[in-house]
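# Geometric and topological summary
If you want the building blocks of each chain, they are given just below.
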Amino acid sequence: MHKEEIYDDLSQLIDENKILKDEPMKNYTTFKIGGNADFLINATEKKDIISVYKYAIKNNIPVYIIGKASNLLVKDKGIRGIVIKNLYDDIRILKEYEEVVELEIASGTTCTKLAKFALNNSLEGLEFSYGIPGTMGGAIRMNAGAYGGEIKNCVIESLILDKDGNEKILNYDEHQFIYRNSSIAKNGYILLSTKIKLKKGNKEEIKEKMEKNMEARLEKQPYNMPSAGSVFKRGNGFITAQIIDEAGLRGKEIGGAQVSPKHAGFIVNNGTATAEDVINLIEYIKKTVREKFNKELETEVIIIGE
């Protein structure tokens, strides 16, 4: 299908103002890297996501959904097809018991917004997520975690679109949560919303934990530089950032991409990095660690595009 035809079809499905053509993905990724997407849809409602996704599937058009794109590297030639920017943002309290509150969270809600909501309502269990620069969609998909907490610990069930565009409810077990992975990621599902449960707690203690976690992030991580967070997954029996550091790679540069001098588990964009620079640096790190320590690093950052 020609772009003009796709644009006309999309404008019949959603508000034309939500449709952007030949949109630079560098404006949407925390890496500040990426070529143009043929189409980018600003999906502010659940029905936007469903209608565009179903249209793409029906017409064999490649389709991707992103939140804050904080764990994403888009290649330099961009993305053919449709990118759905998930701006579906909502938090609702469903039930309150003596010690537990159930909430429904739209997938485009940011982790930090949800953590603040929990704090304001004296709910504990999400302190670890304060400062995670992603949305619930990405957090559930990748079972986000930090400082001893993981998102899987509060999930009840999720509403998803399967690969055929059908809406389905996943119960807890069907998420198949493991470290930085889930059935949503493995099966290519699209998360629409999630029900979670949180315990009532002491507001001051919750606030103290959140502030402590944020202080640790700011102290140890290169928050002032464009990056996509931890590039590699946790090592099997070793600390990934430590072994990269011991390999002498802290500060290593290829083009505009650099192993962060502040945290060796991060690759940062010094302002001129291309996706090719980042990919070449990732491969260089893997090769060096393999040769020096006989250890294999697994990439956590998702790479898409061409």
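Here, every reference points to the structure presented above.
A brief look at the structure comes next. (Residues numbered from 1 in each chain as written. Predicted model: local features only at pLDDT ≥ 70, side-chain atom pairs only at ≥ 80, totals over all residues. Heavy atoms only, no water.)

Counting its secondary structure elements, the protein contains eight helices and 18 strands. Here the C-alpha radius of gyration of the protein, 20 Å, is about what a compact globule of 306 residues would show, namely 19 Å. Projected onto its principal axes, the C-alpha positions of the protein cover 55 × 55 × 30 Å. Buried residues in the protein amount to 50% of all 306 residues. A fraction of 64% describes how many contacts in the protein between residues 6 or more apart in sequence connect residues 24 or more apart. Carbon and sulfur atoms make up 45% of the accessible area of the protein, which amounts to about 14800 Å² in all. Of the side chains in the protein, 44 bear a positive and 45 a negative charge, and the two mean positions are spaced by 3 Å. (Helix = DSSP H or I, 4+ residues; strand = E, 2+ residues; numbered from the N terminus. Rg over C-alpha atoms; globule rule 2.2 N^0.38 Å. Buried < 20%, exposed > 50% of the residue type's maximum accessible area, 1.4 Å probe, protein only. Contact = heavy atoms within 4.5 Å. Areas by Shrake-Rupley, 256 points an atom, 1.4 Å probe, with all protein chains shown as cover. Lys, Arg positive; Asp, Glu negative; His and termini not counted. Charge placed at Lys NZ, Arg CZ, Asp CG, Glu CD.)

In this section: the nonpolar core. Counting residues in hydrophobic clusters, the biggest one holds 25 residues, and the most contacted among them are Leu103, Leu126, Ile140, Ile196 and Leu198. Of all the secondary-structure elements, those providing two or more residues to this core are β7 (100-106), α3 (111-120), α4 (136-141), β11 (155-161) and β13 (190-200). With sequence-adjacent residues up to four places away left out, Ile196 is seen in contact with Val101, Glu102, Leu103, Ile105, Leu114, Leu126, Met136, Cys154, Val155 and Ile156. (Core = buried A, V, L, I, M, F, W, Y, C linked by side-chain atoms within 4.5 Å.)

Next up on the list: the pattern of salt bridges. Under the criterion given, the structure shown has 20 salt bridges. Between Asp90 and Arg92 there is a salt bridge, and its shortest N-O distance comes to 3.8 Å. Classification of Arg92 by relative accessible area gives partly exposed; the value is 42%. Put simply, Arg250 and Asp245 hold a salt bridge, and the shortest N to O gap is 2.9 Å. The partly exposed category is assigned to Asp245, whose relative accessible area is 31%. Overlapping salt bridges bring together Lys3, Asp22, Asp38, Arg80 and Glu306 as one network. (Salt bridge = Lys/Arg side-chain N within 4 Å of Asp/Glu carboxyl O.)

Turning our eyes to something else, we now look at the side chain of Lys233. Positionally, Lys233 belongs in the loop between β14 (227-230) and α7 (240-246). In contact with Lys233, not counting residues within four places along its chain, are Tyr179, Arg180, Thr240, Glu298, Thr299 and Glu300.

Moving on, we come to the sheet that holds strand β17 (residues 266-269). Ordered by their spatial adjacency, four strands build an open sheet running β14-β17-β16-β15, and the pairing between neighbours is antiparallel. The two strands at the open ends of the sheet, each matched to only one other strand, are β14 and β15 (253-254). The sheet contact formed by β14 and β17 spans two bridges and is antiparallel. Within the sheet, the bridge partner assigned to Ser230 lies in β17 and is Phe266. Helix α8 (residues 275-293) contacts β15, β16 (257-259) and β17 of the sheet and is inclined by roughly 30 degrees relative to β16. (Pairing = 2+ DSSP bridges. Axes fitted to C-alpha atoms, helices over the stretch in contact; angles between N-to-C directions.)

Our next topic: the sheet that holds strand β5 (residues 79-86). Pairing is mixed across the open sheet formed by four strands, whose spatial order is β1-β2-β5-β3. For this open sheet the edge positions go to β1 (19-24) and β3 (63-66), each flanked by a neighbour on one side alone. Strand after strand, the sheet turns through a mean of 35 degrees between neighbouring axes, direction not considered. By the bridge criterion, five bridges tie β1 to strand β2 (residues 36-43) in an arrangement that is antiparallel. Across the sheet, residue Leu20 finds its bridge partner in β2, namely Leu40. Relative to β2, helix α1 (residues 3-13) is tilted by about 0 degrees, and along the sheet it contacts β1, β2 and β5. Helix-sheet contacts for helix α2 (residues 46-58) involve β2, β3 and β5, and the interaxial angle to β5 is about 165 degrees.

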